[in-house]
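Analysis of the macromolecular model
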Amino acid sequence: MEYVIVNGEVMDRASAKVDIEDRGYQFGDGVYEVIRVYNGKMFTGTEHLNRLVESAKKIRMELPYSPEALAGMLEQLIAKNELQTGIVYMQFTRGTSPRNHVFPGKDVAPTFVAYTRQVARPEESMQKGVRTILDEDIRWLRCDIKSLNLLGNLLSKQKAAEAGCFEAILHRGQTVTEGSHSNISIIKDGVIITHPADNHILNGITRQKVLEVCKNEQIPFEERAYTLQELYAADEVFSSGTTVEVMPVIEIEGKPVGNGEPGSVTRRLQELFKAEITQQCGQI
Ligand code: DCS
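Residues numbered from 1 in each chain as written. Predicted model: local features only at pLDDT ≥ 70, side-chain atom pairs only at ≥ 80, totals over all residues. Heavy atoms only, no water.

1. Topic: the domain arrangement of the protein chain
Rules: As annotated, the domain borders come from an automatic or database domain assignment. A contact between two residues is defined here by any heavy atoms of the two lying within 4.5 Å. Buried area, as used here, totals the accessible surface that two parts lose on assembly, with accessibility defined by a 1.4 Å probe and the loss added over both. Salt bridge, as applied in this entry: a Lys or Arg side-chain nitrogen positioned within 4 Å of an Asp or Glu carboxyl oxygen. Any pair of N or O atoms that falls within 3.5 Å is considered a polar contact. Within protein, one atom must be able to donate a hydrogen and the other to accept it, and sequence-neighbouring residues count only if both atoms are side-chain atoms.
For the protein chain, the assigned domains are domain 1 (3-118) and domain 2 (123-281). Taken residue by residue, the interface counts 26 residues in domain 1 and 21 residues in domain 2. Summed over both partners, the interface of domain 1 with domain 2 buries about 2100 Å², with 61% contributed by carbon and sulfur atoms. Looking at the side of domain 1 facing domain 2, the largest losses of area belong to Tyr32, Phe43 and Arg51, adding up to 32% of the total buried there. Put simply, domain 1 and domain 2 have 1 salt bridge between them. Measuring nitrogen to oxygen at the nearest pair gives 2.9 Å for the salt bridge that ties Lys58 to Asp144. Our enumeration of links across domain 1 and domain 2 arrives at 10 residue pairs in polar contact (both at pLDDT 80 or more).

This is the structure:
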């Protein structure tokens, strides 16, 4: 049996139901998170749950649970589903009410749904690196919110998939922002350069962890906007995200990054990131 959570209740997936007038379904009016699970334990769970609370605040939604209460429920779900390596997905929508752009009254409670899924670490891609395309970033100007509205991201990711690529690197004019489903950083002369955490990108928990590791290890980094020209001239490029960890990018629009193989700085970051996972969740 596969268990899910609907509004705080753990139940069989087959009996889980959401109303057709749920605002998530009709408007994408909600927020979500994806947390990695290794050895049955959540990695950087606190950081993800804090971001969830922040995302909700930014769309003027109050979550009915504290991050601590949420963590407890998610741990229970992971245990019930006997999940070892995978993800736990959760979303909150602004609840169910007759379709109207105006927010419903305070009497309407958010809808909370969570489920788990087995997802292996993408070890082969992490070893070999991945290919990417470029795409214009056509999304709205609040990409810092982890909103259910992902159409801009989906259109770019679909384009990448149709080109046999892992990711679409997005740019607003000449400025590289992030990927369709990950953050994108470049390395030039040993310095990591990544877009600042403003409204143009999602401030990835993986991105933040990587920068924290860089600080500890005295690996130089800059949080600043960089251009397409800098992207093409980079020694190394990597994508980072919850499911993909630190993923070397070896090709952009058919052109090799550096010598076309994962570089030494990216390799080092992968090792340091793995050590963080091991420290929190045990040997992987
Ligand atoms: N940027 C975008 C647009 C993302 O969708 C994600 C992760 C990231 C950056 C990286 O953030 P994290 O490091 O916090 O994961 N997207 C999640 C998703 O939708 N599925 O898996 C991860």
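2. Description of helix 6 (residues 205-217)
An α-helical turn contains 3.6 residues, so any two residues separated by three or four positions project in the same direction. Note the threshold: Secondary structure elements are defined from DSSP: runs of H or I of at least 4 residues count as helices, runs of E of at least 2 residues count as strands, and each element is numbered from the N terminus. Every helix has an expected span of 1.5 Å times one less than the residues it contains. The buried label goes to any residue with under 20% of its type's maximum accessible area, the exposed label to any with over 50%, and the partly exposed label to all in between, with areas taken from a 1.4 Å probe on protein chains only.
With 13 residues, helix 6 extends 18 Å between its outermost C-alpha atoms, agreeing within 8% with the 18 Å of an ideal straight helix rising 1.5 Å per residue. Ile205, Thr206, Arg207, Lys209, Val210, Leu211, Val213 and Cys214 are the residues of helix 6 that are buried. One or two residues past the end of helix 6 sits Gln218, with phi positive at roughly 55°.

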